[in-house]
Each structure stands twice: as structure tokens, then as C-alpha cells.
Amino acid sequence: MMDAYEKLEKSRKRITESIAQNIHLYGLPPSAGRQFGMMFFEDHPLTLDDMSAELGMSKTSMSTSIRSLSEAKLVDRVWERGVRKDLYEVKDDWYQIFVDMFTVKWRRAVSLHTAAIRKSMAELKELKKADDITDELLAIIESDIEKLLYIREYYDWLDRLIDAFEDHKIFDLVPRLEEDA
């Protein structure tokens, strides 16, 4: 029969494994998810040695994962008086973690696509002026221009959606539960 501590550990392990399975949404491997999950349940910052001992993974592996977690803005390096080693803790605002991580990726995608659209649009408009253009090719070019205008509208909308996340206006539409009370 399980004692209370074992039940607590089983509960924590379930959440940690769930995080590990879903951490790919942040572009990270399951091992980083386990590290994040373990850190989530700690009430104090941890060193790489602490994490390595807890998870049974090498310090090098912990260092690589912590760097990835830090770059994804999931953890922060913190300072404590009298501690010479680097300390890390999980960011406590998961809403902001989501906003930071996804808006960075979305902005990058919007920038990439709008640059491609702008370049293709300029080329198609120039191509329309060519002397040797056939009516058939002109119809295809005009159809492509219409398609590019449509996806440009989509990326303009996506850009505004990103703004709504960054400005936290999204929470007016979909409030955090604590704001509902």
C-alpha cells in the first residue's frame, strides 16, 4: 500500500511526464520537459548539480536542457546571496510564458511570409508589363496576385492577433480564470 509521500510523488510524476510529452510545442525534447516538470514542483531555485542528482542525468545534459529552457523563456537564472553556482527557477506566469514563446515564433513566421509575398508581388507586377506576355499567362499572373493579396490579408490579421497577445488584449476576449471570479 502506498504511503502519502509515494502518492504525492506519483501525482507529481504524472504531471512531469505530461509536460515532457507536450514540451515539443516549445521545440524542446522530452528530457527538457522532465527537467522543467521537476523544477516546477520545487519551491526554491536549483543548481545543475541539484537537477542532475534528482533526475539521474548528467550535468552536461542538464546544462544543455537548462540553456534551451532559458532560451524558450521557461526558466530564469536567479541569484542568491552566498551561492556561487548558477541557480535556476521556473517562471511562475504560464500565461506570459505562452505569450512570449508563441508570439516570437509567430512574428518570425509573419516576417518570413510577408517578405516572400512582397518580393513575389513585385515580380508578378513587373511580369505583367512584359511585351511578350500572353493572355493565358496574364490570367495566371492576375490569379496569383489575387491569391497573394488574400494571404497578405491573413498575415496582416495574424500580426494584429500577435499584437493582441503581446498587449494582453487577448485576455479581454478569453479571460484568465482568476479574472473571472
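My aim in this report is to walk through the structure given alongside it, one point at a time. Here the structure is a predicted model, which means the values were calculated and not measured.

**Here's the deal with the overall build of the protein chain**
So, step 1. If you tally the helices and strands in the protein chain, you get eight helices and two strands.
So, step 2. Order of helices (α) and strands (β) in the protein chain, N terminus to C terminus: α-α-α-α-β-β-α-α-α-α.
So, step 3. The globule rule puts the C-alpha radius of gyration for 181 residues at 16 Å, and the 24 Å found for the protein chain is more than 25% above it.
So, step 4. Projected onto its principal axes, the C-alpha coordinates of the protein chain cover approximately 80 × 45 × 40 Å.
So, step 5. Expressed as a percentage of its 181 residues, the buried residues of the protein chain come to 28%.
So, step 6. Seen as two clouds, the 27 positive and the 36 negative side-chain charges of the protein chain have centres 4 Å apart.

**Comments concerning the packing of helix α5 (residues 94-128) against helix α6 (residues 135-166)**
So, step 1. The geometry of α5 relative to α6 is characterised by a closest axis approach of 9 Å and an angle of 155° between their N-to-C directions. With respect to their mutual orientation, α5 and α6 come out roughly antiparallel. The crossing of α5 and α6 is left-handed.
So, step 2. Partitioning the contact of α5 with α6 into residue classes produces 18 nonpolar, four polar and nine charged.

**Examining the packing of aromatic side chains**
For any pair of aromatic rings, the description consists of the separation of the ring centres together with the inter-plane angle of the planes.
So, step 1. Scanning the model with the defined rule gives eleven aromatic pairs in all.
So, step 2. For the ring pair Phe-40 and Trp-94, a centre distance of 5.2 Å and an interplane angle of 55° mean the geometry is tilted. Of this pair, Phe-40 sits in helix α2 (residues 30-40) while Trp-94 sits in helix α5, and the two are 54 residues apart along the sequence.
So, step 3. With a relative accessible area of 34%, Phe-40 lands in the partly exposed category.
So, step 4. An aromatic cluster is built from Tyr-26, Phe-98, Phe-102, Trp-106 and Phe-165, whose rings are joined through pairwise contacts.
So, step 5. Against the face of Phe-171 rests Arg-176, its NZ or CZ located 5.9 Å from the ring centre.

The rules behind these values
Residues numbered from 1 in each chain as written. Predicted model: local features only at pLDDT ≥ 70, side-chain atom pairs only at ≥ 80, totals over all residues. Heavy atoms only, no water. Helix = DSSP H or I, 4+ residues; strand = E, 2+ residues; numbered from the N terminus. Rg over C-alpha atoms; globule rule 2.2 N^0.38 Å. Buried < 20%, exposed > 50% of the residue type's maximum accessible area, 1.4 Å probe, protein only. Lys, Arg positive; Asp, Glu negative; His and termini not counted. Charge placed at Lys NZ, Arg CZ, Asp CG, Glu CD. Axes fitted to C-alpha atoms, helices over the stretch in contact; angles between N-to-C directions. Parallel < 35°, antiparallel > 145°, perpendicular 65-115°, else oblique. Left-handed = near helix turned anticlockwise from the far one by under 90°. Nonpolar A, V, L, I, M, F, W, Y, C, P; charged D, E, K, R; others polar. Phe/Tyr/Trp six-rings, centres within 6.5 Å; stacked < 30°, edge-to-face > 60°. Lys NZ or Arg CZ within 6 Å of the ring centre and 35° of its normal.

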